[in-house]
Amino acid sequence: MKNIFGFFNFKKGDIIVFLVIGIMILGSAVTFYKKPTEASVVRIYRNSEEYASYSLSQSYAKNVHVPTHDGPKAGYNQLRIENGTVTIVGSTCPNRDCMRMGSISKEGDILICLPHRLVVRLEGGDAIDAVSY
Amino acid sequence: MRSPIREISDKTAFRAICLAVILVLSWLEASVPLGVPGVKFGFSNLVILVCLNVYGFREALAMAVLKILMSLVLINGFSSFWYTAAGTLSSCLSMAIAIRYYQKNKISMMGVSAIGGFFHITSQYVVAATTLYTPSVFGMYPIAALLTLLTSIILGWLSEKITGQISNSYYDY
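Residues numbered from 1 in each chain as written. Chains lettered and ligands numbered in written order. Predicted model: local features only at pLDDT ≥ 70, side-chain atom pairs only at ≥ 80, totals over all residues.

S.K.: Is there a simple way to think about the overall build of chain B in this case?
M.R.: Each helix and strand in chain B was counted, giving 6 helices and 0 strands. Each helix and strand of chain B, placed in order from N terminus to C terminus, yields the pattern α-α-α-α-α-α. When the backbone C-alpha atoms are referred to their principal axes, chain B occupies close to 60 × 40 × 25 Å. Looking at chain B residue by residue over its 173 residues, the buried ones come to 42%. Long-range pairs, those at least 24 residues apart, make up 69% of the contacts in chain B between residues at least 6 apart in sequence. (Helix = DSSP H or I, 4+ residues; strand = E, 2+ residues; numbered from the N terminus. Buried ≥ 20, exposed ≤ 12 C-beta atoms within 10 Å, placed from the backbone. Contact = placed C-beta atoms within 7 Å.)

S.K.: What is the right way to read the overall build of chain A from this model?
M.R.: What chain A contains, in helices and strands, is 2 helices and 8 strands. Ordering the α and β elements of chain A from the N terminus gives α-β-β-β-β-β-α-β-β-β. Counting every position in chain A, which comprises 133 residues, the buried fraction comes to 29%. Here the contacts in chain A between residues at least 6 apart in sequence split such that 38% fall between residues at least 24 apart.

S.K.: Help me understand the interface of chain B and chain A, please; the structure alone is not making it clear to me.
M.R.: The accessible area lost on association of the parts is a frequent measure of interface size. Taken together, the contacts link 33 residues of chain B with 30 residues of chain A. Listed by contribution, the elements that provide at least two residues to the side of chain B that touches chain A are helix H5 (109-131) and helix H6 (141-171) of chain B. Per-element tally for the side of chain B that touches chain A: the top contributor is H6 of chain B, with 9 residues. Its residues assigned to classes, the side of chain B that touches chain A shows 20 nonpolar, 11 polar and 2 charged. (Nonpolar A, V, L, I, M, F, W, Y, C, P; charged D, E, K, R; others polar.)

S.K.: How do you make sense of helix H4 (residues 81-103) of chain B when you look at a structure like this?
M.R.: Given 3.6 residues per helical turn, the α-helix brings residues three or four places apart onto the same face. Residues and elements named next belong to chain B. Between the first and last C-alpha of H4 there are 32 Å, a value that for 23 residues agrees with the 33 Å anticipated at 1.5 Å per step. At isoleucine 97, H4 shows its maximal kink, close to 25 degrees. Positive phi appears at asparagine 105, one or two residues downstream of H4, with a value of about 65 degrees. (Expected span 1.5 Å × (residues − 1). Bend = angle between axes of the 7 residues up to and from the residue.)

S.K.: Quick question: what am I supposed to make of the environment of asparagine 83 of chain A here?
M.R.: Residue and element names in this part refer to chain A. Summarising the element assignment, asparagine 83 is placed in the loop between strand E4 (76-82) and strand E5 (85-91). The class of asparagine 83 is exposed, set by 12 C-beta atoms lying within 10 Å. In the structure, asparagine 83 is positioned 50 residues away from tyrosine 33 in sequence and 25 Å away in space, judged by C-alpha atoms.

S.K.: Hey, could you run me through the pairing of E5 of chain A in this one?
M.R.: Each regular strand displays side chains that alternate between the two surfaces of the sheet. Residues and elements named next belong to chain A. Where E4 and E5 come together, 6 bridges link them in antiparallel fashion. Directly across from arginine 80, in E5, lies its bridge partner threonine 87. Taken together, E4 and the strand that follows it, E5, pair antiparallel across an intervening segment of 2 residues, in which asparagine 83 is found at a positive phi of about 50 degrees. Of the strand pairs in this sheet, E5 and strand E6 (residues 103-104) are connected by 2 bridges, and their pairing is antiparallel. In the sheet register, threonine 87 faces E6, and the bridge partner there is serine 103. (Pairing = 2+ DSSP bridges.)

S.K.: Quick question: what am I supposed to make of helix H1 (residues 12-32) of chain A here?
M.R.: All names here are of chain A. Between its first and last C-alpha atoms H1 spans 31 Å; for 21 residues at 1.5 Å apiece the expected length is 30 Å, and the two agree. For H1, the full list of buried residues reads Asp14, Val17, Ile21 and Ile25. Down the axis of H1, the buried set is contained in an arc of 70 degrees. They therefore lie on one face. Exposed residues pointing more than 90 degrees away from the buried face of H1 are listed as Lys12, Ile15, Leu19, Ile23, Gly27, Val30 and Thr31. (Arc of directions from axis to C-beta.)

S.K.: How should I be thinking about the sheet that holds E5 of chain A in this particular structure?
M.R.: Sheets are built from strands paired through backbone hydrogen bonds, the pairs being either parallel or antiparallel. The strand order across the open sheet built from 4 strands is E3-E4-E5-E6 (chain A), with neighbouring strands paired in antiparallel fashion. Two strands bound the open sheet, and with one partner strand each, they are strand E3 (62-67) and E6 of chain A.

S.K.: Looking at this structure, how should I read the sheet that holds strand E7 (residues 110-113) of chain A?
M.R.: Residue and element names in this part refer to chain A. If you trace the 4 strands from one edge of the open sheet to the other, you get E2-E1-E8-E7, paired in antiparallel fashion. A strand with exactly one partner marks an edge of an open sheet, and here the two such strands are strand E2 (49-55) and E7. Put simply, the sheet's adjacent strands are angled 15 degrees from each other on average, direction ignored. (Axes fitted to C-alpha atoms, helices over the stretch in contact; angles between N-to-C directions.)

Read these as geometric descriptors, not functional statements.
Encoded structure:
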(Lines give C-alpha, C1' and ligand atoms only; values in the text may rest on other atoms or scores of the structure.)
Protein backbone atom coordinates (compact mmCIF):
# COMPACT_ATOMS: atom_id res chain seq x y z
CA MET A 1 0.00 0.00 0.00
CA LYS A 2 1.86 3.04 -1.25
CA ASN A 3 0.84 6.23 0.51
CA ILE A 4 -2.92 6.21 -0.07
CA PHE A 5 -3.25 9.13 2.32
CA GLY A 6 -0.26 11.07 1.07
CA PHE A 7 -1.33 14.27 -0.67
CA PHE A 8 -0.02 15.48 -4.07
CA ASN A 9 3.40 13.88 -3.98
CA PHE A 10 5.02 15.49 -7.01
CA LYS A 11 8.29 14.22 -8.42
CA LYS A 12 11.11 16.24 -9.91
CA GLY A 13 10.16 15.45 -13.51
CA ASP A 14 6.70 16.92 -12.91
CA ILE A 15 8.22 20.37 -12.58
CA ILE A 16 9.71 20.05 -16.08
CA VAL A 17 6.39 18.79 -17.50
CA PHE A 18 4.38 21.59 -15.93
CA LEU A 19 6.98 24.19 -16.94
CA VAL A 20 7.00 23.07 -20.60
CA ILE A 21 3.20 22.98 -20.79
CA GLY A 22 2.96 26.32 -18.99
CA ILE A 23 5.42 27.93 -21.40
CA MET A 24 3.46 26.53 -24.36
CA ILE A 25 0.21 27.94 -22.98
CA LEU A 26 1.85 31.29 -22.28
CA GLY A 27 3.37 31.33 -25.76
CA SER A 28 0.02 30.58 -27.35
CA ALA A 29 -1.60 33.29 -25.25
CA VAL A 30 0.99 35.81 -26.46
CA THR A 31 0.66 34.61 -30.07
CA PHE A 32 -3.10 34.65 -30.26
CA TYR A 33 -3.69 37.80 -28.23
CA LYS A 34 -5.25 40.63 -30.16
CA LYS A 35 -5.89 44.14 -28.98
CA PRO A 36 -9.64 44.47 -28.60
CA THR A 37 -11.06 46.89 -31.14
CA GLU A 38 -14.65 47.66 -31.96
CA ALA A 39 -16.17 45.40 -34.57
CA SER A 40 -18.39 46.66 -37.34
CA VAL A 41 -19.45 43.56 -39.28
CA VAL A 42 -20.83 40.24 -38.10
CA ARG A 43 -20.31 37.37 -40.53
CA ILE A 44 -22.12 34.07 -40.14
CA TYR A 45 -20.49 30.99 -41.65
CA ARG A 46 -22.33 27.70 -42.01
CA ASN A 47 -20.51 24.57 -43.23
CA SER A 48 -17.45 26.75 -43.90
CA GLU A 49 -19.26 29.00 -46.37
CA GLU A 50 -20.66 32.43 -45.68
CA TYR A 51 -24.35 32.36 -44.88
CA ALA A 52 -25.07 36.01 -44.11
CA SER A 53 -23.45 39.16 -42.78
CA TYR A 54 -24.86 42.13 -40.96
CA SER A 55 -23.55 45.50 -39.89
CA LEU A 56 -22.99 45.83 -36.19
CA SER A 57 -23.82 49.19 -34.71
CA GLN A 58 -25.30 50.44 -31.48
CA SER A 59 -28.61 51.27 -33.06
CA TYR A 60 -29.06 48.01 -34.94
CA ALA A 61 -31.03 45.09 -33.52
CA LYS A 62 -32.11 41.92 -35.24
CA ASN A 63 -32.97 38.29 -34.62
CA VAL A 64 -31.34 35.90 -37.07
CA HIS A 65 -32.56 32.36 -37.65
CA VAL A 66 -29.84 30.09 -39.08
CA PRO A 67 -31.04 26.61 -40.11
CA THR A 68 -28.34 23.93 -40.15
CA HIS A 69 -29.10 23.11 -43.77
CA ASP A 70 -31.73 23.86 -46.33
CA GLY A 71 -34.76 21.67 -46.42
CA PRO A 72 -37.02 19.99 -43.90
CA LYS A 73 -35.92 18.54 -40.53
CA ALA A 74 -33.13 21.07 -40.16
CA GLY A 75 -32.01 22.18 -36.72
CA TYR A 76 -31.34 25.85 -36.13
CA ASN A 77 -29.36 28.45 -34.22
CA GLN A 78 -31.12 31.61 -33.12
CA LEU A 79 -28.88 34.69 -32.99
CA ARG A 80 -29.61 38.03 -31.38
CA ILE A 81 -27.80 41.15 -32.60
CA GLU A 82 -28.29 44.06 -30.24
CA ASN A 83 -26.36 47.11 -28.96
CA GLY A 84 -23.22 46.09 -30.86
CA THR A 85 -23.14 42.58 -29.39
CA VAL A 86 -24.04 39.16 -30.78
CA THR A 87 -25.39 36.27 -28.73
CA ILE A 88 -26.66 32.81 -29.60
CA VAL A 89 -29.98 32.72 -27.77
CA GLY A 90 -31.34 29.42 -29.03
CA SER A 91 -30.06 26.21 -30.52
CA THR A 92 -31.10 22.64 -31.21
CA CYS A 93 -27.61 21.19 -30.71
CA PRO A 94 -27.17 18.54 -28.00
CA ASN A 95 -25.01 20.27 -25.39
CA ARG A 96 -25.73 23.96 -26.12
CA ASP A 97 -22.15 25.05 -25.56
CA CYS A 98 -22.72 27.77 -28.15
CA MET A 99 -25.33 29.41 -25.91
CA ARG A 100 -22.90 29.32 -22.97
CA MET A 101 -20.30 31.26 -24.95
CA GLY A 102 -22.05 34.49 -24.03
CA SER A 103 -21.99 37.74 -26.00
CA ILE A 104 -19.24 38.96 -28.27
CA SER A 105 -18.59 42.55 -29.27
CA LYS A 106 -14.90 42.93 -30.23
CA GLU A 107 -13.15 42.40 -33.54
CA GLY A 108 -11.87 38.84 -33.99
CA ASP A 109 -14.25 37.36 -31.42
CA ILE A 110 -16.07 34.24 -32.51
CA LEU A 111 -19.06 32.17 -31.48
CA ILE A 112 -18.96 28.53 -32.52
CA CYS A 113 -21.52 25.75 -32.58
CA LEU A 114 -19.49 22.64 -33.34
CA PRO A 115 -22.32 20.15 -34.00
CA HIS A 116 -23.95 22.57 -36.46
CA ARG A 117 -20.60 23.70 -37.94
CA LEU A 118 -21.63 27.29 -37.35
CA VAL A 119 -19.10 30.08 -36.91
CA VAL A 120 -20.09 33.65 -36.10
CA ARG A 121 -17.17 36.01 -36.51
CA LEU A 122 -16.88 39.73 -35.85
CA GLU A 123 -14.76 41.80 -38.19
CA GLY A 124 -13.67 45.39 -38.19
CA GLY A 125 -13.13 47.78 -41.06
CA ASP A 126 -15.73 49.18 -43.38
CA ALA A 127 -19.29 48.07 -42.95
CA ILE A 128 -20.10 48.95 -46.53
CA ASP A 129 -19.86 45.45 -47.95
CA ALA A 130 -22.10 44.04 -45.25
CA VAL A 131 -25.62 43.36 -46.36
CA SER A 132 -28.36 44.25 -43.93
CA TYR A 133 -31.55 42.50 -44.80
CA MET B 1 -4.59 -20.96 -9.22
CA ARG B 2 -7.01 -19.64 -11.77
CA SER B 3 -7.83 -21.54 -14.93
CA PRO B 4 -7.20 -19.90 -18.34
CA ILE B 5 -10.94 -19.71 -18.94
CA ARG B 6 -11.41 -17.91 -15.64
CA GLU B 7 -8.62 -15.59 -16.71
CA ILE B 8 -10.36 -14.74 -19.99
CA SER B 9 -13.78 -14.27 -18.43
CA ASP B 10 -12.27 -12.07 -15.75
CA LYS B 11 -10.70 -9.91 -18.40
CA THR B 12 -13.92 -9.66 -20.36
CA ALA B 13 -15.90 -8.72 -17.29
CA PHE B 14 -13.27 -6.18 -16.35
CA ARG B 15 -13.41 -4.56 -19.79
CA ALA B 16 -17.19 -4.40 -19.63
CA ILE B 17 -17.09 -2.74 -16.21
CA CYS B 18 -14.52 -0.21 -17.41
CA LEU B 19 -16.55 0.63 -20.49
CA ALA B 20 -19.72 1.04 -18.43
CA VAL B 21 -17.91 3.38 -16.05
CA ILE B 22 -16.53 5.37 -18.99
CA LEU B 23 -19.99 5.76 -20.52
CA VAL B 24 -21.69 6.78 -17.29
CA LEU B 25 -18.93 9.25 -16.44
CA SER B 26 -18.86 10.86 -19.88
CA TRP B 27 -22.64 11.19 -19.77
CA LEU B 28 -22.45 12.76 -16.31
CA GLU B 29 -19.65 15.18 -17.11
CA ALA B 30 -21.52 16.49 -20.14
CA SER B 31 -23.92 18.10 -17.69
CA VAL B 32 -21.18 19.75 -15.61
CA PRO B 33 -19.97 22.82 -17.51
CA LEU B 34 -16.67 24.25 -16.35
CA GLY B 35 -17.09 27.83 -17.50
CA VAL B 36 -15.13 27.58 -20.74
CA PRO B 37 -17.20 26.03 -23.53
CA GLY B 38 -15.81 22.74 -24.78
CA VAL B 39 -13.75 22.01 -21.68
CA LYS B 40 -15.03 19.10 -19.64
CA PHE B 41 -13.64 17.47 -16.56
CA GLY B 42 -12.49 14.34 -18.38
CA PHE B 43 -13.56 11.65 -15.94
CA SER B 44 -13.69 9.09 -18.74
CA ASN B 45 -10.00 9.64 -19.35
CA LEU B 46 -9.48 8.75 -15.70
CA VAL B 47 -10.49 5.18 -16.54
CA ILE B 48 -8.06 5.07 -19.45
CA LEU B 49 -5.33 6.42 -17.19
CA VAL B 50 -5.97 3.75 -14.57
CA CYS B 51 -6.09 1.02 -17.23
CA LEU B 52 -2.79 2.23 -18.63
CA ASN B 53 -1.23 2.16 -15.20
CA VAL B 54 -2.55 -1.17 -13.96
CA TYR B 55 -3.14 -3.30 -17.06
CA GLY B 56 -0.85 -1.83 -19.70
CA PHE B 57 -1.05 -0.17 -23.06
CA ARG B 58 -3.14 -2.77 -24.92
CA GLU B 59 -6.05 -2.62 -22.49
CA ALA B 60 -5.96 1.17 -22.43
CA LEU B 61 -5.94 1.42 -26.22
CA ALA B 62 -8.88 -1.02 -26.37
CA MET B 63 -10.73 1.19 -23.86
CA ALA B 64 -9.96 4.30 -25.91
CA VAL B 65 -11.20 2.78 -29.18
CA LEU B 66 -14.33 1.41 -27.49
CA LYS B 67 -14.98 4.80 -25.90
CA ILE B 68 -14.77 6.52 -29.28
CA LEU B 69 -17.15 4.01 -30.89
CA MET B 70 -19.59 4.10 -27.97
CA SER B 71 -19.70 7.87 -27.83
CA LEU B 72 -20.34 7.83 -31.57
CA VAL B 73 -23.26 5.42 -31.21
CA LEU B 74 -24.75 6.40 -27.85
CA ILE B 75 -23.83 9.88 -26.69
CA ASN B 76 -22.68 12.47 -29.18
CA GLY B 77 -23.43 11.23 -32.67
CA PHE B 78 -21.28 11.82 -35.67
CA SER B 79 -20.99 15.59 -35.30
CA SER B 80 -18.30 15.35 -32.65
CA PHE B 81 -16.76 12.05 -33.75
CA TRP B 82 -13.50 13.55 -35.00
CA TYR B 83 -13.04 15.60 -31.85
CA THR B 84 -13.53 12.57 -29.62
CA ALA B 85 -11.33 10.38 -31.80
CA ALA B 86 -8.47 12.85 -32.08
CA GLY B 87 -8.56 13.81 -28.41
CA THR B 88 -8.86 10.34 -26.96
CA LEU B 89 -6.33 8.65 -29.24
CA SER B 90 -3.68 11.36 -28.95
CA SER B 91 -4.00 11.54 -25.18
CA CYS B 92 -3.90 7.73 -24.88
CA LEU B 93 -0.78 7.44 -27.03
CA SER B 94 1.04 10.33 -25.35
CA MET B 95 0.22 8.98 -21.89
CA ALA B 96 1.43 5.52 -22.96
CA ILE B 97 4.82 7.06 -23.70
CA ALA B 98 4.78 9.22 -20.57
CA ILE B 99 3.89 6.35 -18.27
CA ARG B 100 7.29 4.73 -18.93
CA TYR B 101 8.84 7.64 -17.07
CA TYR B 102 6.32 7.11 -14.29
CA GLN B 103 7.41 3.47 -14.02
CA LYS B 104 11.02 4.63 -13.89
CA ASN B 105 9.91 6.85 -10.98
CA LYS B 106 10.85 10.07 -12.81
CA ILE B 107 7.42 11.74 -12.86
CA SER B 108 4.18 11.21 -10.94
CA MET B 109 0.74 10.40 -12.33
CA MET B 110 -0.06 14.12 -12.19
CA GLY B 111 2.62 14.72 -14.80
CA VAL B 112 1.40 11.85 -17.00
CA SER B 113 -2.15 13.12 -16.80
CA ALA B 114 -1.07 16.69 -17.56
CA ILE B 115 0.69 15.50 -20.73
CA GLY B 116 -2.40 13.54 -21.78
CA GLY B 117 -4.73 16.46 -21.11
CA PHE B 118 -2.50 18.84 -23.03
CA PHE B 119 -2.44 16.57 -26.08
CA HIS B 120 -6.20 16.04 -25.76
CA ILE B 121 -7.15 19.72 -25.81
CA THR B 122 -4.53 20.68 -28.40
CA SER B 123 -5.58 18.02 -30.89
CA GLN B 124 -9.23 18.96 -30.44
CA TYR B 125 -8.46 22.60 -31.19
CA VAL B 126 -6.42 21.59 -34.24
CA VAL B 127 -9.36 19.50 -35.47
CA ALA B 128 -11.74 22.41 -34.86
CA ALA B 129 -9.50 24.86 -36.70
CA THR B 130 -9.09 22.55 -39.70
CA THR B 131 -12.67 21.36 -40.05
CA LEU B 132 -14.14 24.84 -39.64
CA TYR B 133 -11.37 26.55 -41.70
CA THR B 134 -11.18 29.10 -38.89
CA PRO B 135 -7.78 29.67 -37.27
CA SER B 136 -9.34 32.24 -34.95
CA VAL B 137 -10.74 29.29 -32.97
CA PHE B 138 -7.37 29.40 -31.21
CA GLY B 139 -8.32 32.68 -29.56
CA MET B 140 -9.91 30.64 -26.78
CA TYR B 141 -7.12 28.07 -26.66
CA PRO B 142 -4.92 29.48 -23.84
CA ILE B 143 -7.66 29.66 -21.24
CA ALA B 144 -9.00 26.24 -22.25
CA ALA B 145 -5.54 24.69 -22.04
CA LEU B 146 -4.94 26.25 -18.63
CA LEU B 147 -8.22 24.87 -17.31
CA THR B 148 -7.38 21.47 -18.80
CA LEU B 149 -4.01 21.52 -17.03
CA LEU B 150 -5.76 22.09 -13.69
CA THR B 151 -8.38 19.38 -14.21
CA SER B 152 -5.80 16.89 -15.47
CA ILE B 153 -3.65 17.39 -12.38
CA ILE B 154 -6.68 16.58 -10.25
CA LEU B 155 -7.40 13.55 -12.45
CA GLY B 156 -3.82 12.33 -12.13
CA TRP B 157 -4.04 12.62 -8.38
CA LEU B 158 -7.32 10.68 -8.37
CA SER B 159 -5.89 8.00 -10.64
CA GLU B 160 -2.95 7.49 -8.30
CA LYS B 161 -5.38 6.85 -5.44
CA ILE B 162 -7.59 4.54 -7.51
CA THR B 163 -4.58 2.61 -8.82
CA GLY B 164 -3.51 1.91 -5.26
CA GLN B 165 -6.94 0.54 -4.43
CA ILE B 166 -7.31 -1.57 -7.58
CA SER B 167 -3.89 -3.15 -7.42
CA ASN B 168 -4.56 -4.03 -3.79
CA SER B 169 -7.87 -5.69 -4.52
CA TYR B 170 -7.07 -7.30 -7.88
CA TYR B 171 -3.71 -8.94 -7.44
CA ASP B 172 -4.27 -10.27 -3.98
CA TYR B 173 -7.14 -12.67 -4.51
